[in-house]
Amino acid sequence: MRIRTHMAVSVDGYIASPDGLPTILTAPDFESGLSHGLPEFIAGCGAVVMGRNTFAPAVGSSHWPWPNLRVFVLTSRPLPEGTPADVVSAADPAELLRLMREADFTGDVHLVGGQQTIQAFRDIDALDELGVVVMPILLGDGLRLTPDKSATTPLQLTGTRTFPDGSVEHVYTPVRDQN
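Because the structure is a prediction, the values reported are computed rather than measured.

A.B. asks: Go over the pattern of salt bridges, please, and point to the residues and values.
C.D. replies: By the definition in use, this model includes nine salt bridges. Notably, a salt bridge pairs aspartate 108 with arginine 2, separated by 2.9 Å at the nearest N-O pair. With aspartate 108 in strand β6 (residues 108-113) and arginine 2 in the segment before β1 (3-10), the pair connects residues that are 106 residues apart, well separated along the chain. Across the salt bridge formed by arginine 4 and aspartate 108, the nearest N and O atoms sit 3.2 Å from each other. Of the two residues, arginine 4 sits in strand β1 while aspartate 108 sits in strand β6, which places them 104 residues apart along the sequence. Via salt bridges that share partners, Arg2, Arg4, Asp108 and Glu129 belong to a single interconnected network.

See below:
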């Protein structure tokens, strides 16, 4: 089981606009769940993990965004009313990682985001792959991929591909201390 991201980021490093619109939605040809390499990425995943702010809008929506995937939520607050019974949550990222490792699923874990959840898994050295789709747009402001003053993490490029709209996917693995 590897914890991996697949997320859009603007050329200037923002994952969302100032009003919270995810960067992927700037693509004129974006199709939810169908474009920018997501189907191929999800095919290798058996679970998703996210923070409560990312999770909450899905509860009670007309379609469940993660069919056939185990769902894990990093939160210190109770899950929203209507949350499916099989959704697992924990306040501590190390505890949630332990619960993911003990869960019954095959494949990797898609770390959906956002910034705080990605950082929480970076902080416990549990992010195995950082996949970013760089969108051909400068947002100028918004939510950055990393919080201010976060630790430097050297990365090794393991893959790149270009999509018809000019966006480019880069896949990196953190370079872990070799000592």
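A.B. asks: Now, about the UniProt feature "domain: Bacterial bifunctional deaminase-reductase C-terminal" (unreviewed entry) in the protein: what can you tell me, with residues and values included?
C.D. replies: Residues annotated by UniProt as "domain: Bacterial bifunctional deaminase-reductase C-terminal" (unreviewed entry) correspond here to residues 4-166. Helix makes up 18% of residues 4-166 and strand 29%, and the two end C-alpha atoms of the span are 23 Å apart.

A.B. asks: Summarise the nonpolar core; cite the residues concerned and give the values.
C.D. replies: Among soluble globular proteins, nonpolar side chains are generally buried collectively. Core analysis: the largest hydrophobic core is formed by 25 residues, its most contacted members being Ile3, Val49, Phe72, Leu96, Met100, Val109 and Phe121. Secondary-structure elements contributing two or more residues to this core are β1, β3 (45-51), β4 (70-74), β5 (88-90), α3 (93-102), β6, α4 (115-123) and β7 (129-135). Excluding residues within four positions of it along the chain, methionine 100 makes contact with Met1, Ile3, Val49, Phe72, Phe105, Val109 and Phe121.

A.B. asks: With reference to specific residues and values, describe the pairing of β4.
C.D. replies: A large share of β4 lies buried, amounting to four of its five residues. The pairing of β3 with β4 spans five bridges and is parallel. Across the sheet, the residue bridging to valine 48 is valine 71, located in β4. The sheet contact formed by β4 and β5 spans three bridges and is parallel. Note that in β5 the partner of leucine 74 across the bridge is alanine 90.

Rules of the game
Residues numbered from 1 in each chain as written. Predicted model: local features only at pLDDT ≥ 70, side-chain atom pairs only at ≥ 80, totals over all residues. Heavy atoms only, no water. Salt bridge = Lys/Arg side-chain N within 4 Å of Asp/Glu carboxyl O. Helix = DSSP H or I, 4+ residues; strand = E, 2+ residues; numbered from the N terminus. UniProt positions renumbered as here; feature names shortened; annotations may be inferred. Core = buried A, V, L, I, M, F, W, Y, C linked by side-chain atoms within 4.5 Å. Buried < 20%, exposed > 50% of the residue type's maximum accessible area, 1.4 Å probe, protein only. Contact = heavy atoms within 4.5 Å. Pairing = 2+ DSSP bridges.

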